Structure formats: structure tokens, C-alpha cells
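Understanding the architecture of this molecule
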Amino acid sequence: MTDTLAPVKPARLIINGQAVDAATGRTFRTLNPATEDVICDVAEAGPEDVDRAVQAARAAFADGPWPRMRPAERQRILWKLGDLVLEHADELARLETLDNGKPIFESRQVDIPMVAGCFHYFSGWATKLTGETIPVNPAYFTYTVREPIGVIGAIIPWNFPMIMVGWKCAPALAAGNCVVLKPAAETPLTAVRIGELGLEAGLPPGVLNVLPGHGTVAGAALVRHPGVDKITFTGSTEVGKTIMRECAETVKKVTLELGGKSPNIVFADADLEAAVRGAATGIFYGKGEVCAAGSRLLVEQSVHDEFVARLSDRAKKLVPADPLDPKTRLGALVNESQMKKVLGYVETGTREGARVVVGGQRQPVNGKGWFVQATVLDGVDNAMRVAQEEIFGPVLAVIPFDGPDDAVRKANDIFYGLAAGVWTKDVKKAHAVARRLQAGTVWVNLYNFYDPGMPFGGFKGSGFGRDLGAESVREYSQLKSVWMSIE
Ligand code: NDP
């Protein structure tokens, strides 16, 4: 495979503006999912390192320049970090692809612009986080101010390791907070590198600390630490529940973006060619390891057979290949256990009565790697496990429906509520269905679109709070009401 052997330097923790080893000296190895080779050693943060990082962030928040500097200066530093991400785009994209297994096309052409876009977009919010004057009584001058919360613990997953740094850190920093970031142990490399670039951009020591390590050790220590004021988390529902429980102990604020099982609804009157492309992108982009993946394809009965045939032709052409090849569109799943979980769901679906129309197998590339074929399961009933549970791989469950009411009923008959897609040429139907769907994001005649300015987050079991947009900056700030007697 291309270029995988070029060495990657070992990654260290970033605490108080310094790259350091773990207090215990322990390291772990991060693997390339496409080749199963070791990429490099990574310092493994433990509770002592979490404590060091939180103390550094607390000191930076209490006494350092970051929350006190002119907002325009914070803006300048965050903008510069966005520029540095673009300057190091090739290096960061390669690291992301090596660590995660996603196609370099995605890392370089989609993830990099999003990460840089987050730092650029949110830098502008540093100067725009305003309060209000409120007319209570002429005897008082009454107003609100938005203040940073303090120390934010950010715990992020392995599916979009670099994008999540942008989604979580850019708004938190713009609002004047200090951050302790724990990337997923599977994919720590780009977070550490962006932490280094943050220092180069001029972030003062302690403002952005990065702690690669394991969730049950470093992540849990961060969640429990009394010096952390808020946890922002993206990941599995199970860990989200644990974090919510733990946060109660120290009354930490919490934002959770958990999984999804999003319906992508195709009406018979849709532009079917566009809908086929949208259905394929909805599930196969990012190998289906995407929280908002359109993993339940609801197809109107009258076009079901034709649609499944056209979609299957498309899926067959999507062959797993070397993620570093710019032409590749289907990479390797993040690790062996995720691959086994995904293949296990294909078996479960078959046992439940679904039919594998295409794919369903592991397909190594050059004899190696955790690659799974683009898979379409037809004949799925919405009550089956493959329709209700998050598979998190390139496996699509196709469910027929009969008319808008049936579509909405099936779409909403699920624990999750992260996103949904609607394909139709009928504008009234599109608006009416979008309004009835229980989902934080609805895409009409497109799928999987994101922008730093557009809020993203869940209804129902998909969590609460919002990443991105003005909403997310507000979530990293708190409101103070000031009363002043003026008579
Ligand atoms: P997790 O929820 O375990 O991982 C997400 C992050 O939480 C990682 O940084 C992880 O650390 C950390 N973490 C794990 N346990 C704890 C804990 N007790 N306290 C604090 N932090 C913790 O996701 P998995 O990697 O286990 O993936 C399992 C499933 O979750 C996937 O198959 C998928 O269904 C879903 N998922 C959903 C995502 C989404 O975007 N909504 C993203 C990723 C997964 P570490 O990795 O180092 O253990």
C-alpha cells in the first residue's frame, strides 16, 4: 500500500503547553486498520496526568490571559489555528487515514475543510457573544453578560477524530474556556497534532491540553474530576449514560451526542437517481461509521424493487481498497472488534429473516485489514434488531412503507432521533414530513451535509445539547444577570 511505511513520530500528551510523557511512562500502540501494522507509540494518560492537565487548565482559566484577553485577540489566535490546519492539511489527512482507515479523499477533501472551517467560523464568535439590557425598572440598570464556564472536558470518538476536535474545541475556546481533550485510544494522532498546532498559533499554556488514553481510565478520571465544569461527549449511548450519571456527582454540565439509526425516506415521486446516490452516500460514506448514517432506508412500496436493484448495482461498484489511494471511496473499519460487530449484525439480520442483496462479507485488501463490503439487507422489518440497533458499519437495512403516514410512523418508531432524510419532488409533502420527523437534523433531497454554522445534535435517545452553530457557543458559556441601582 502507498506510503504507509513513512514513519510517524510517537505522540505525547500535551499538558500546560508542553509535550510530555505520561506520569507512569506508559505508552500504547495505535494501529493502521488497513494493514494491521503498528503506526507508532502513544503516551497513555492516567489519572495523575488528568489531574495535571485539569490543574493546568484551571490555572489558565483563573489566572492566565485567555479568558481575559480582548476577544478580538482570541479570534486572531483561533483563526490562525484554522490557517495552520490548512497549511498542514496533507500531513493531518494522512495521519487521520492511517489511524482511522477512512479514505484519504474524505480526510483531505471533507474533514480538513470542516476542521479549519470550525476554527475560522467560531473565531468570529469570540467578539459576538453578547448579553442584553433588560427593562425591569427605571431605578435599576439590569443587564446580562455571557461568561465562559471554566474547564471543559471533551471526550471524543474514533469515527471523526479530527472533525470532533474542531466541533468541540473551537466553540469552547472561542467562548473563553480552557479545554482538556481526550481523543479515542483508537485514533489519537490528529488530536495531538492539532494540540501542537494550537500552541504554534499562540494558545497560552494550559488552554488546550490533549490526553490520549483509555476511556475507562483517563476518560473516567476526567468525568469525575471536581476541577472540570462541563463534559462534552460524542460516542456510544452506553458510555453517554455512564457519563451522565457520573456528572451528577459533581453537578457538571453535560452535552451528549450519542448514536443514531437514522431513517432515509424515499418517496415514489423522488428523483430516483439522486435518491440512489443519496441513499448510498447516507450509509457508505465514512464506512457507515457515522452517527448520522442513513442506516434505515425507508422506500415507498411502489418503487421498492426498482430502487433496491439500482442501489445494489451502485453498492457492488463500491469496492474496499487502499485508503491512501485518492480514488478509494470505501476504507477499513476502525478495528477488528468493530468489524466483527458489523459482520455479526449481518448474521443477526439473516437469522431474523432479512436477505443480503449485496455484500455481507469481510474483504481484505492485499490480504490484510478490517474491510467490510458495502452491504444491503432487504426485507427488513422495522422491529428487527438490524433496524433498531446502531450497527456502525456499511450495512443498510431496507424497509418498505406505504404512504407518508406509514413512513413517518416507521421513521419515528425508534429509540434514537439524530437525523433523517426525505426524498420527494413534492414541496408540501417534504415540509410536512420534515416537521413530523423526530430528529435533530432533517435533510431534504440531500444527505450527510454539515456546516460549522448549522447546529447538530439529537432528539430522544440521541442525546441533548448541540454541536456547531451559535447554539454550541452558547452551550459553552453561562449567563450572568447584573442588577445595578442607579437612583
Ligand atoms: P465509546 O462511546 O466507548 O467511545 C467514545 C469515547 O468515550 C472514547 O474517547 C472512549 O475512550 C471514551 N470512553 C469510553 N468509556 C468511557 C468512560 N467510562 N468514561 C469516559 N469516557 C469513556 O465508543 P466505542 O469506541 O466503544 O464504540 C462502540 C459503539 O459506539 C460503536 O459501535 C457505535 O455504535 C457507537 N459510537 C457512536 C459514535 C457517535 O458518533 N455517536 C462514535 C463512536 C461510536 P476509548 O476509546 O479510549 O476507550
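Because the structure is a prediction, the values reported are computed rather than measured. (Residues numbered from 1 in each chain as written. Predicted model: local features only at pLDDT ≥ 70, side-chain atom pairs only at ≥ 80, totals over all residues. Heavy atoms only, no water.)

Each helix and strand counted, the protein chain has 15 helices and 19 strands in total. Taking 23 Å as the expected radius of gyration for a compact globule of 487 residues, we find that the protein chain reaches 23 Å, a close match to that expectation. Along the first, second and third principal axes, the C-alpha set of the protein chain runs to 75 × 60 × 40 Å. Classification of the 487 residues of the protein chain by burial places 60% in the buried group. When the accessible surface of the protein chain is split by element, carbon and sulfur atoms take 54% of a total near 19000 Å². Averaging the coordinates of the 53 positive side-chain charges in the protein chain and doing the same for the 56 negative ones gives two points 1 Å apart. (Helix = DSSP H or I, 4+ residues; strand = E, 2+ residues; numbered from the N terminus. Rg over C-alpha atoms; globule rule 2.2 N^0.38 Å. Buried < 20%, exposed > 50% of the residue type's maximum accessible area, 1.4 Å probe, protein only. Areas by Shrake-Rupley, 256 points an atom, 1.4 Å probe, with all protein chains shown as cover. Lys, Arg positive; Asp, Glu negative; His and termini not counted. Charge placed at Lys NZ, Arg CZ, Asp CG, Glu CD.)

Here the focus is a nonpolar patch on the surface. A contiguous nonpolar patch, built from Ile134, Val136, Tyr140 and Trp483 and spanning about 410 Å² of accessible area, is present on the exposed surface. You can see tyrosine 140 is positioned in strand β5 (residues 140–148). (Patch = residues over 30% accessible without salt bridge, like charges linked within 9 Å, V, L, I, M, F, W, Y side chains within 5 Å. Salt bridge = Lys/Arg side-chain N within 4 Å of Asp/Glu carboxyl O.)

Now for the nonpolar core. Counting 126 residues, the largest nonpolar core has Trp66, Val179, Leu181, Ile231, Ile243, Leu297 and Phe307 as the members making the most contacts within it. Of the residues forming this core, the biggest block, ten residues, is contributed by helix α5 (residues 161–174). Among all residues touching isoleucine 231, those that are not within four sequence positions of it are Gly153, Ile155, Leu222, Val223, Ile243, Cys247, Lys252, Lys253, Val254 and Thr255. Among the nonpolar cores identified, the runner-up in size contains 30 residues, and Phe267, Tyr345, Ala354 and Met384 belong to it. (Core = buried A, V, L, I, M, F, W, Y, C linked by side-chain atoms within 4.5 Å. Contact = heavy atoms within 4.5 Å.)

The tally for this structure, following the rule as stated, stands at eleven aromatic pairs. Judged by centre distance (4.8 Å) and plane angle (85°), the rings of tyrosine 121 and phenylalanine 122 are edge-to-face. Look at phenylalanine 122 and you get buried, because its relative accessible area is 0%. Plain terms: the ring middles of tryptophan 443 and tyrosine 447 are 4.6 Å apart, the flat faces sit at 55° to each other, and that makes the pair tilted. With relative accessibility at 3%, the residue tyrosine 447 sits in the buried group. Ring pairs connect the aromatic residues Trp167, Trp443, Tyr447, Tyr450 and Phe456, which therefore count as one cluster. Positioned above the aromatic ring of tyrosine 476 is the side chain of lysine 230, whose terminal nitrogen or guanidinium carbon lies 5.0 Å from the ring centre. Stacked on the ring of phenylalanine 105, the Lys or Arg arginine 329 has its end atom at 3.7 Å from the ring centre. (Phe/Tyr/Trp six-rings, centres within 6.5 Å; stacked < 30°, edge-to-face > 60°. Lys NZ or Arg CZ within 6 Å of the ring centre and 35° of its normal.)

Attention now goes to the site of the ligand. The environment of the ligand is made up of 26 residues, and the closest members are Ile156, Trp158, Ser236, Lys341 and Glu390. Glycine 213 has a polar backbone atom sitting 3.1 Å from an oxygen atom of the ligand. For the ligand, whose free accessible area comes to 850 Å², the fraction covered by protein is 84%. Secondary-structure elements contributing two or more residues to the shell around the ligand are α7 (215–224), β9 (230–234) and α11 (336–352). A per-element tally of the shell around the ligand places α7 first, with three residues. Classifying every residue of the shell around the ligand by side-chain character gives twelve nonpolar, ten polar and four charged. (Near = heavy atom within 4 Å. Polar contact = N/O pair within 3.5 Å; in protein donor to acceptor, adjacent residues only side chain to side chain. Nonpolar A, V, L, I, M, F, W, Y, C, P; charged D, E, K, R; others polar.)

On the secondary structure map, glutamate 44 appears in the loop between β4 (38–43) and α1 (47–63). Here glutamate 44 falls in the buried class, since its relative accessible area comes to 12%. Look past the residues within four positions of glutamate 44 in its chain and what remains in contact with it is Ala22, Thr24, Arg26, Thr27, Phe28, Asp49, Pro212 and His214.

Quick look at the pairing of strand β16 (residues 419–423) now. Counted residue by residue, β16 has five buried out of five residues, so it is predominantly covered. Here strand β11 (residues 263–266) pairs with β16 via three bridges, running parallel. Within the sheet, the bridge partner assigned to asparagine 264 lies in β16 and is glycine 421. Here β16 pairs with strand β17 (residues 441–444) via four bridges, running parallel. By the bridge assignment for β17, glycine 421 is matched with tryptophan 443. Between the parallel elements β16 and β17, the chain passes through helix α14 (residues 427–436) in a crossover that is right-handed. (Pairing = 2+ DSSP bridges. Right-handed = clockwise from strand over helix to strand, strands pointing away.)

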